[in-house]
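These are the residues of each chain, in order.
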Amino acid sequence: MKETALMMIGAALVNNVILARFLGLCSFMGVTTRIDTAAGMGMATTFVITVSAMADWAVQHYVLDAYGLGFLRTVTFILVIASAVQFTEMIIRKVSPTLFQMLGIYLPLITTNCAVLGVALLLVEGNMSLIGATLFAFASAAGYSLVMVIFAGLRERLVLAQVPRLFAGPPIAFIVAGLLAMAFMGFSGISTV
Amino acid sequence: MPSNYKTIIKDGLWDNNGVFSMLLGMCPTMAMTTSATNGFGMGLATAAVMAASSFLVAVFRKRITQEVRIPVYILIVAAMVTLVDLAMNAWMHELYKVLGLFIPLIVSNCLPLARLEAFAARSEALPSLADGLFMGLGFTIALTVIGGVREIIGSGTLFADASLLLGPAFRSMELRFLPADMGVLMMVLPPGGFFVTGYLVVAKRLLDLKAGKEIQMTGAHSVG
Amino acid sequence: MKIGNLLHVRHGLVLGCFCLGFGLVLAFTDRLTSKDIAARALEDRQNSLSQVIPGSIHDNDPVEDKLVIKDAGNRDITVYRSRLQGKVTGVAFESFGTGYGGEIRLMLGVDDQGRLLGVRVLAHHETPGLGDKIESKKSDWILRFTGLSLGNPPVERWKVKKDGGQFDQFAGATITPRGVVRAIKSGLDFYAANKASLIAEN
């Protein structure tokens, strides 16, 4: 139990998907201009990462490993993720039209979010059980959402700041992200002892 | 549509540089630039994937129907990535061990997909090949420069381990600027990636401004 | 409706053809490279084994002489055995610890008396410049464990100095060496618990 909790904290904060592993940076830079869009993207991505992690785990164990098709891993994983995104879209549309209205526009973008593929590949390399894999994926995705929301909050303030013209836009966002990454480095070490 | 090779080359290497102008493919740009050698290797792998997939998409563009084009593009890129992955694992093993996870992740790098959609889907095979190749080389240059800056400041070396990772012929490129343990550690840690990339985007804007060009204030963010 | 169906079939066919075509290309490449890839993986293993098992104590190929045992945490551990004229002279196996940035994987070599033949770090996520001094490439810190065993130093001294043990931590990092020392200790415990089956044939 304690080990699982430490593993989840490690996945969410210490080895944060965005700030330590550098996955999902396109969405990190692209859709964090406002807190509510960042939160929406975070929720949609969390859902897809968790669902596709389970599906990829099953594909790896029951198809790729079982038939020695390891070389098809990249191709099948990306297709599984694309299907998971479609599937998520269908389910959300059926179950909750309100949620669909909130998340709908982000869903197609998620297929090319490397955080999804990255987490799936990390799981396979980590040799985890299905439950461990699901928890790891969920914790990583939660860390992703947290950083998205924090960064969107920072950028909302940044709009009001007077930034030199040459630094306006992406460069100042990168520098702020660097400071945020420094802050998150303070978490390293907490999942030990 | 610029089918003029000079424009393609200039666009790919500088004007529309994937990293510094379009801000695409940020994940490997940050993660694989702890040294110039890593950045160079990652860039070349991406360039190979881009050239091959642009060429294939242009060849098959009449067969790929509009509705299924995105899955087909992803499939083609994924297949090319797997080829590069297998080949590097077999014949450039040391470099493969360093780049590891980020080779399969070329699939979800937005840059190849963006070029397929923007260029290869509407162009002849050879210009598409050139576009993929030079966009990829522009990416390689960007990654090598970011890696070089981070490595010089962070560890005081340049192209360290190049002979080990790329082959003995690269030994002469290995340089040391600062004595060991004198580097600013922060630069090779994650925050350094953000700082250096931010300042280099500014540097490119400054150079463009000096050359009397309009500077681009925002990155084109169409895909996630 | 009929035309719609036909279109769907056509899209399916296009997608299917591409899948099949590239699947075949990949299968062919896999055939072409699999031998080299397997050879590289074997070389990696031999390299890490040769660092913890000196060549003078074996005339077999330890990579070929392996068995799998479960450790205290129910994890499968592959043990490689070195033999001289058929007699087991030492074993090598992986051991795991937790450092500052996550798991640290070590390769331990232990002789038939329970003494460490050598320790090497296989993989870690420690801070470059601080925690990575555990790599033999960066510092000779890891070499000091060679020759030690569970009784030397006594069990209660198998800790870093800060925890009242006898091993130096290095400047700026305590958690990393602590993780390494614990991993080595747990590896030696694993050896002691399974000694009978590891060198049974002697």
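Residues numbered from 1 in each chain as written. Chains lettered and ligands numbered in written order. Predicted model: local features only at pLDDT ≥ 70, side-chain atom pairs only at ≥ 80, totals over all residues. Heavy atoms only, no water.

Novice: Would you mind going over the overall build of chain C with me for this structure?
Specialist: On a plain count of helices and strands, chain C comes out with 2 helices and 5 strands. Sequence-ordered secondary structure for chain C, helices as α and strands as β, is α-β-β-β-β-β-α. The C-alpha radius of gyration computed for chain C amounts to 24 Å, which surpasses the reference 17 Å derived for 202 residues by more than 25%, pointing to a less compact arrangement than a globule. In terms of principal-axis extent, the alpha carbons of chain C reach across some 85 × 45 × 30 Å. Looking at chain C residue by residue over its 202 residues, the buried ones come to 44%. (Helix = DSSP H or I, 4+ residues; strand = E, 2+ residues; numbered from the N terminus. Rg over C-alpha atoms; globule rule 2.2 N^0.38 Å. Buried < 20%, exposed > 50% of the residue type's maximum accessible area, 1.4 Å probe, protein only.)

Novice: Where do I start with the overall build of chain A in this structure?
Specialist: Of regular secondary structure, chain A possesses 9 helices and 0 strands. Each helix and strand of chain A, placed in order from N terminus to C terminus, yields the pattern α-α-α-α-α-α-α-α-α. At 17 Å, chain A has a C-alpha radius of gyration in line with the 16 Å of a compact globule built from 193 residues. Looking at chain A as a whole, 54% of its 193 residues qualify as buried. Of the contacts formed within chain A by residues at least 6 apart in sequence, a portion of 79% connects residues at least 24 apart. Working note: accessible area of chain A is about 8400 Å², and carbon and sulfur atoms make up 69% of it. (Contact = heavy atoms within 4.5 Å. Areas by Shrake-Rupley, 256 points an atom, 1.4 Å probe, with all protein chains shown as cover.)

Novice: Could you clarify how one ought to interpret the sheet that holds strand β5 (residues 116-123) of chain C in this entry?
Specialist: The strands making up a sheet associate through hydrogen bonds between their backbones, and the pairing can be parallel or antiparallel. Residues and elements named next belong to chain C. Spatially, the 5 strands line up as an open sheet ordered β1-β2-β3-β4-β5, and their pairing is antiparallel. With partners counted over all chains shown, the strands left at the sheet margins are β1 (66-70) and β5, one partner each. The average angle at which neighbouring strand axes cross in this sheet is 25 degrees, direction not considered. One ladder, built from 6 bridges, connects strand β2 (residues 76-84) with strand β3 (residues 87-98); its direction is antiparallel. Within the sheet, the bridge partner assigned to tyrosine 80 lies in β3 and is alanine 92. With respect to the sheet, helix α2 (residues 175-198) is in contact with β1, β2, β3, β4 (103-111) and β5, its orientation differing from that of β3 by roughly 140 degrees. (Pairing = 2+ DSSP bridges. Axes fitted to C-alpha atoms, helices over the stretch in contact; angles between N-to-C directions.)

Novice: Help me understand the environment of alanine 183 of chain C, please; the structure alone is not making it clear to me.
Specialist: Residues and elements named next belong to chain C. With respect to the element layout, alanine 183 can be found in helix α2. Sequence separation between alanine 183 and leucine 106 is 77 residues, and the spatial gap between their C-alpha atoms is 7.6 Å. Sequence-distant contacts of alanine 183, defined by excluding residues within four places in its chain, comprise Ser95, Phe96, Gly97 and Leu106.

Novice: How do you make sense of the side chain of serine 53 of chain B when you look at a structure like this?
Specialist: Relative to the assigned elements, serine 53 of chain B resides in helix α3 (residues 36-59). Aside from chain neighbours lying at most four places away, what touches serine 53 of chain B is Ile76, Val77, Met80 and Leu116 of chain B.

Novice: Just to check I follow, could you spell out empty space enclosed by the protein for this structure?
Specialist: Using a probe with the size of a water molecule, rolled over the atoms, empty space left in the structure can be pinpointed. All names here are of chain A. Applying the stated rule across the entire model yields 2 cavities of 30 Å³ or more. For the second largest cavity, the full set of lining residues is Ala11, Asn15, Val17, Arg21, Leu23, Val119, Leu122, Phe136 and Ser140. Grouping the amino acids of the lining of the second largest cavity by side-chain chemistry returns 6 nonpolar, 2 polar and 1 charged. (1 Å grid on protein atoms, 1.4 Å probe; cavity = no way out; pocket = protein on both sides within 12 Å on 5 of 7 lines; lining within 4 Å. Points joined across faces, edges and corners; volume = space filled by probe spheres on them. Nonpolar A, V, L, I, M, F, W, Y, C, P; charged D, E, K, R; others polar.)

Novice: What's the story with the pattern of salt bridges in this structure? I'm lost.
Specialist: Between side chains of opposite charge, pairing is possible as soon as their charged atoms come close. Applying the stated rule across the entire model yields 24 salt bridges over all chains. The salt bridge involving arginine 69 of chain B is made with glutamate 117 of chain B; its shortest N-O contact spans 2.6 Å. A residue pair is termed long-range when its members are at least 10 positions apart, and arginine 69 of chain B in helix α4 (residues 69-91) and glutamate 117 of chain B in helix α6 (residues 110-118) qualify at 48 residues. One network of salt bridges, with partners in common, ties together Glu94 and Lys97 of chain B together with Asp44 of chain C. (Salt bridge = Lys/Arg side-chain N within 4 Å of Asp/Glu carboxyl O.)

Novice: Which parts of the structure should I look at to understand the environment of glycine 147 of chain B?
Specialist: All names here are of chain B. Its location among the elements puts glycine 147 in helix α7 (residues 125-155). According to the relative accessible area criterion, glycine 147 is buried, its value standing at 0%. Residues glycine 147 and alanine 31, 116 residues apart in the sequence, show an inter-C-alpha distance of 9.8 Å. With sequence-adjacent residues up to four places away left out, glycine 147 is seen in contact with Thr33, Ser35 and Ala36.

Novice: Mind showing me how you'd approach the interface of chain A and chain B here?
Specialist: The parts lose accessible area when they come together, and the size of an interface is often stated as this lost area. In this complex, chain A contributes 42 residues to the contact, which on the side of chain B involves 43 residues. Contact between chain A and chain B buries roughly 3700 Å² in total, counting both sides, with carbon and sulfur atoms accounting for 83%. Ranking the residues of chain A by area buried against chain B places Phe22, Leu166 and Phe174 of chain A at the top, with a combined share of 20%. Put simply, chain A and chain B have 0 salt bridges between them. The tally of links from chain A across to chain B stands at 2 residue pairs in polar contact (both at pLDDT 80 or more). (Buried area = accessible area lost by both parts, 1.4 Å probe. Polar contact = N/O pair within 3.5 Å; in protein donor to acceptor, adjacent residues only side chain to side chain.)

Novice: Can you walk me through the side chain of asparagine 113 of chain A in this structure?
Specialist: By secondary structure assignment, the location of asparagine 113 of chain A is in the loop between α6 (107-110) and α7 (114-126). Polar side-chain contacts of asparagine 113 of chain A include one of 2.9 Å to the backbone nitrogen of alanine 115 of chain A. Not counting residues up to four positions away in its chain, the partners in contact with asparagine 113 of chain A are Gly24, Ser27, Met41, Thr45 and Tyr144 of chain A together with Ser108 of chain B.

Novice: Just to check I follow, could you spell out the pairing of β3 of chain C for this structure?
Specialist: Two faces make up the sheet, and in a regular strand the side chains alternate between them. All names here are of chain C. With 9 of 12 residues buried, β3 is to be regarded as a mostly interior element. Hairpin connection between β2 and β3: a loop of 2 residues separates the two successive antiparallel strands, and glutamine 85 in this loop has a positive phi of roughly 50 degrees. In this structure, β3 lies alongside β4, joined through 9 bridges in antiparallel fashion. Its bridge partner being in β4, threonine 98 is matched across the sheet by glutamate 103. Remark: 4 residues form the turn of the hairpin made by β3 and β4, two consecutive strands paired antiparallel; glycine 102 in that turn has positive phi of roughly 135 degrees.

Novice: Please clarify how the packing of helix α9 (residues 170-185) of chain A against helix α9 (residues 190-210) of chain B should be interpreted in this entry.
Specialist: Between two packed helices, the angle of one axis relative to the other and the distance separating the axes together describe the packing. Viewed as axis vectors pointing N to C, α9 of chain A and α9 of chain B meet at an angle of 170 degrees, and their least axial separation amounts to 7 Å. Classed by the angle they form, the pair α9 of chain A and α9 of chain B counts as roughly antiparallel. Considering only the axes of α9 of chain A and α9 of chain B, their crossing is left-handed. Every residue of α9 of chain B that contacts α9 of chain A at Pro170, Pro171, Phe174, Ile175, Ala177, Gly178, Leu179, Ala181, Met182 and Met185 of chain A is listed here: Pro191, Phe194, Phe195, Thr197, Gly198, Tyr199, Val201, Val202 and Arg205 of chain B. Here the residues of the contact of α9 of chain A with α9 of chain B sort into 15 nonpolar, 3 polar and 1 charged. (Parallel < 35°, antiparallel > 145°, perpendicular 65-115°, else oblique. Left-handed = near helix turned anticlockwise from the far one by under 90°.)

Novice: Explain the environment of glycine 100 of chain B here, please?
Specialist: Mapped onto the fold, glycine 100 of chain B is located in the loop between α5 (93-99) and α6. In this structure the C-alpha to C-alpha distance between glycine 100 of chain B and leucine 133 of chain B, which are 33 residues apart in sequence, comes to 22 Å.

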